[in-house]
Amino acid sequence: MRYAILSDIHGNLDALKAVLSALSSEKIDAYVCLGDIVGYGPQPAECVHEIQKYGCIVVAGNHDFAVSEKLNIGNFNVLAKEAVLWTRAKLSAEDIEFLANLPLEERLEGFHVVHGTLYAPELFDYVQTSYDASLSMARMEAPLCFVGHSHVPVTFVQGQVISYSLGQVVQINPRNKVIVNVGSVGQPRDKDPRACYAVYDTESQTVLIQRTHYDIESVIAKIREAGLPVPLGERLRVGR
Ligand code: ZN
């Protein structure tokens, strides 16, 4: 099986379409989305519909739950709050219901998927340090877990100690637990503005982190036209 793993699309349809188009030339058996389909970007409904069209296995992100009023936005920063309110007004009742009903985590064939952490998915904490990774690894029944949320592609590997890698190719060894953050389709924050996603091949037991260009200026223009906060567009240009 070959899985395409997408996360943090954030209403950026241009980035999502570029990723799906890049994937169309690969053999993909199933699509998985790690949450935050909406929030920040100018085309949230279109992104929800595209994800539904591909029959994605989806887990909830904090923005998906914030927009559907399942998560309090008290802890969101000013720009994120404004984007949540804007997004909520743009979605149909069906779209909001779809987001509200997303599960927090899924256990698939030999791997886990969650937006934040396995130890408390409902808190949407980040896996950013070896210690954070150890807390989720303690809950892993399978050797592999995919996460999103930080918008930075990084892999944590359990060995003598837990180490991390920014490498593009991850070889899965069933003896060592691995947590792979697949980065963000629609708002990368690792200073590489290209859309980021991963392909997991269960036969070769490899995960490949991939990047693709998309028309960033077009999205910046749409963000301005939509009346969304301008910095949400500007940051796409620098991948921050
Ligand atoms: Zn996100």
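Preceding this section is the structure that the text describes.
Notes on the structure in this doc start here.

Definitions and limits used
- The residue numbering used here restarts from 1 in each chain and proceeds along that chain's sequence as written.
- Where totals are concerned, whole chains, interfaces and linings use all residues; where local detail is concerned, this predicted model gives features only for residues with pLDDT of at least 70, and gives and counts side-chain atom pairs only at 80 or more.
- Computation of side-chain values covers all heavy atoms of the structure but excludes hydrogens and water.
- Two strands make a pair as long as DSSP finds a minimum of two bridges between them.
- Secondary structure follows DSSP: runs of H or I at least 4 residues long count as helices, runs of E at least 2 residues long count as strands, and numbering of each begins at the N terminus.
- Interaxial angles span 0 to 180 degrees and are taken between N-to-C directions of axes, which are lines fitted to C-alpha atoms, for helices over the stretch in contact.
- The contact criterion used is simple: two residues touch if any of their non-hydrogen atoms lie within 4.5 Å.
- Throughout, nonpolar core names a set of buried Ala, Val, Leu, Ile, Met, Phe, Trp, Tyr and Cys residues whose side chains join them through atoms within 4.5 Å.
- Exposure classes here rest on a 1.4 Å probe applied to the protein chains alone. A residue is buried below 20% of its type maximum, exposed above 50%, and partly exposed in between.
- In this analysis, rings of Phe, Tyr and Trp, with Trp reduced to its six-membered ring, are considered paired at centre separations within 6.5 Å, and the interplanar angle assigns stacked below 30 degrees, edge-to-face beyond 60, and tilted for intermediate values.
- Metal donors were taken as nitrogen, oxygen and sulfur atoms no farther than 2.8 Å from the ion, or 3.2 Å where the ion is Na, K or Ca. Water is excluded, so coordination may look unfinished.
- Irregular is the label for any site that misses the other tests, which are tetrahedral for four donors with all angles between 85 and 135 degrees, and square planar for four donors or octahedral for six when opposite donors exceed 155 degrees and the remaining angles lie between 65 and 115.
- Working definition: the arc comes from the directions between the helix axis and the C-beta atoms, pointing outward to the latter.
- For classification purposes, angles smaller than 35 degrees are called roughly parallel, those larger than 145 roughly antiparallel, those between 65 and 115 roughly perpendicular, and all remaining angles oblique.
- Crossing handedness follows the turn of the near helix against the far one: under a right angle anticlockwise gives a left-handed crossing, and clockwise gives a right-handed one.
- Polarity classes work like this: nonpolar for Ala, Val, Leu, Ile, Met, Phe, Trp, Tyr, Cys and Pro, charged for Asp, Glu, Lys and Arg, and polar for all others, with Gly in that last group.

### Notes on the sheet that holds strand 7 (residues 154–158)
Stage number 1. The strand order across the open sheet built from 6 strands is 4-5-6-10-7-8, with neighbouring strands paired in mixed fashion. The outermost strands of the open sheet, each flanked by one partner alone, are strand 4 (105–108) and strand 8 (162–165). The mean inter-strand angle of the sheet, taken between neighbouring strand axes irrespective of direction, is 15 degrees.
Stage number 2. Two strands pair when backbone bridges link them, and strand 6 (residues 144–147) and strand 10 (residues 178–181) are joined in this way by 4 bridges, in the parallel orientation. In the sheet register, Cys 145 faces strand 10, and the bridge partner there is Ile 179.
Stage number 3. The sheet contacts of helix 6 (residues 130–137) involve strand 7, strand 8 and strand 10, and relative to strand 7 the element is tilted by about 65 degrees.

### Remarks on the nonpolar core
Stage number 1. Residues Leu 6, Leu 16, Leu 23, Ile 37, Ile 51, Leu 99 and Tyr 214 are the most contacted members of the largest nonpolar core, which totals 48 residues.
Stage number 2. No other element matches helix 1 (residues 13–23), which puts 7 residues into this core.
Stage number 3. Residues within four places of Leu 6 in sequence aside, it is in contact with Leu 16, Val 19, Leu 20, Leu 23, Val 32, Cys 33, Leu 34, Val 182, Val 185 and Tyr 197.
Stage number 4. Core analysis: the next-biggest nonpolar cluster, separate from the first, contains 21 residues, Ala 30, Val 32, Phe 146 and Val 207 among them.

### Side note on the packing of aromatic side chains
Stage number 1. Following the criterion strictly, the structure yields 8 aromatic pairs and no others.
Stage number 2. Here the aromatic rings of Phe 111 and Phe 146 are separated by 5.5 Å at their centres, their planes lie at 90 degrees, and the arrangement is edge-to-face. Highlighted residues: Phe 111 in strand 5 (residues 111–114) and Phe 146 in strand 6, separated in sequence by 35 residues. Just as Phe 111 is buried, Phe 146 falls in that class too.
Stage number 3. Clustering of aromatic rings is evident, with ring pairs tying together Tyr 3, Phe 111, Phe 146 and Tyr 200.

### As for the coordination of the zinc ion
Stage number 1. Distances from the zinc ion to its protein donors, namely Asp 8 (OD), His 10 (NE2), Asp 36 (OD) and His 151 (NE2), fall within the range 2.0 to 2.4 Å.
Stage number 2. If you look at the zinc ion, its 4 donor atoms make angles of 87 to 178 degrees with each other, and the shape they trace is irregular.
Stage number 3. If you list the donors of the zinc ion from N- to C-terminus, the spacing comes out as D-x1-H-x25-D-x114-H. In this pair, His 10 is assigned in the loop between strand 1 (2–6) and helix 1 and His 151 in the loop between strand 6 and strand 7, connecting sequence segments 141 residues apart. Taken as a pair, His 10 and His 151 share a single burial class, namely buried.

### Notes on helix 6
Stage number 1. Taken as a whole, helix 6 has its buried residues at Asp 132, Ala 133, Ser 136 and Met 137. Projection of helix 6 onto a plane perpendicular to its axis shows the buried side chains occupying an angular sector of 135 degrees, all on one side.

### Describing the packing of helix 2 (residues 44–53) against helix 5 (residues 93–100)
Stage number 1. It is at 11 Å that the axes of helix 2 and helix 5 come closest, and there the two elements cross at 60 degrees. As the angle between them shows, helix 2 and helix 5 are arranged oblique. Considering how the two elements wind past one another, helix 2 and helix 5 form a crossing that is left-handed. Taking contact as the criterion, the partners of Ala 45, Val 48, His 49 and Gln 52 in helix 2 are, on helix 5, Asp 95, Phe 98 and Leu 99.
Stage number 2. Split into classes, the residues belonging to the contact of helix 2 with helix 5 amount to 4 nonpolar, 2 polar and 1 charged.

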